[in-house]
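An overview of the molecular structure
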Amino acid sequence: MNQGPKPRGQALTEPLYEAVVQALEQPDLDRAGLLVSNLHPADAADLLERLAPAQRQTVYGLFPVEQRGEVIANLHAEVQEALLSQMAPEQVAEVIAEL
């Protein structure tokens, strides 16, 4: 029985956002990584945009490598530029390769 296409990822809810922020403040990066690992790329981008600029790079590094390009592509231009400017050139190249 065909149940349709598999969902691409979890949606960002307010409780999930709050749990990620709490994990970052503790800091419990393992927990934060588990919380964000299944987010849909658009919701992952929304999460990054809601976070404090100092937390964005940390959380971005928690996303699965194969998802990072899509996350960057879904960010607003100013957040995208800020995040990319903090990366080493080889990291930027990896992101572009994933697009």
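Since the model is a prediction, treat every value here as computed from it, not as a measurement.

1. Describing the packing of aromatic side chains
Counting across every chain of the model gives one aromatic pair. Consider the rings of Tyr60 and Phe63, whose centres lie 6.4 Å apart with planes at 80°: the pair is edge-to-face. The residues Tyr60 and Phe63 share a single accessibility class, namely buried. The aromatic ring of Tyr17 is capped on one face by Arg50, whose charged end is 3.8 Å from the ring centroid. Here Arg68 stacks its cationic end above the ring of Tyr60, 5.8 Å away from the centre of that ring.

2. Some details on a negative patch on the surface
Together, Glu66, Glu90, Glu94 and Glu98 make up a negatively charged patch on the protein surface. Within the fold, Glu66 resides in helix 5 (residues 65-73). Take Glu66: its relative accessible area is 58%, and that puts it in the exposed class.

3. Topic: unusual backbone geometry
The omega torsion of the bond from Gln26 to Pro27 falls at -25°, within 30 degrees of zero and hence cis. By the element assignment, Pro27 lies in the loop between helix 1 (14-25) and helix 2 (29-36).

4. As for the pattern of salt bridges
Counted by the stated rule, this structure contains one salt bridge. For Arg50, the salt bridge goes to Glu14, with nearest N and O atoms at 2.8 Å. Residue Arg50 is found in helix 3 (residues 41-50), and its partner Glu14 is found in helix 1; the two are separated by 36 residues along the sequence. For Arg50, a relative accessible area of 38% corresponds to the partly exposed category.

5. A closer look at the confidence of the model for the protein chain
For the protein chain, per-residue confidence averages 88 on the pLDDT scale, and residues scoring 70 or more make up 92% of the total. Low confidence marks residues 1-7, where pLDDT is under 50. Its contacts with residues over four positions away, or in another chain, come to zero contacts.

6. Notes on the side chain of Asp43
Locating Asp43 in the fold gives a position in helix 3. One buried charge, Asp43, has no salt-bridge partner; the nearest side chain with opposite charge is Arg50, at 8.8 Å. Every residue in contact with Asp43, bar those within four places of it in the chain, is listed here: Gln10, Ala11 and Leu12.

Definitions and limits used
- Residues numbered from 1 in each chain as written.
- Predicted model: local features only at pLDDT ≥ 70, side-chain atom pairs only at ≥ 80, totals over all residues.
- Heavy atoms only, no water.
- Phe/Tyr/Trp six-rings, centres within 6.5 Å; stacked < 30°, edge-to-face > 60°.
- Buried < 20%, exposed > 50% of the residue type's maximum accessible area, 1.4 Å probe, protein only.
- Lys NZ or Arg CZ within 6 Å of the ring centre and 35° of its normal.
- Patch = residues over 30% accessible without salt bridge, like charges linked within 9 Å, V, L, I, M, F, W, Y side chains within 5 Å.
- Areas by Shrake-Rupley, 256 points an atom, 1.4 Å probe, with all protein chains shown as cover.
- Salt bridge = Lys/Arg side-chain N within 4 Å of Asp/Glu carboxyl O.
- Lys, Arg positive; Asp, Glu negative; His and termini not counted.
- Charge placed at Lys NZ, Arg CZ, Asp CG, Glu CD.
- Helix = DSSP H or I, 4+ residues; strand = E, 2+ residues; numbered from the N terminus.
- pLDDT = per-residue confidence, 0-100.
- Contact = heavy atoms within 4.5 Å.

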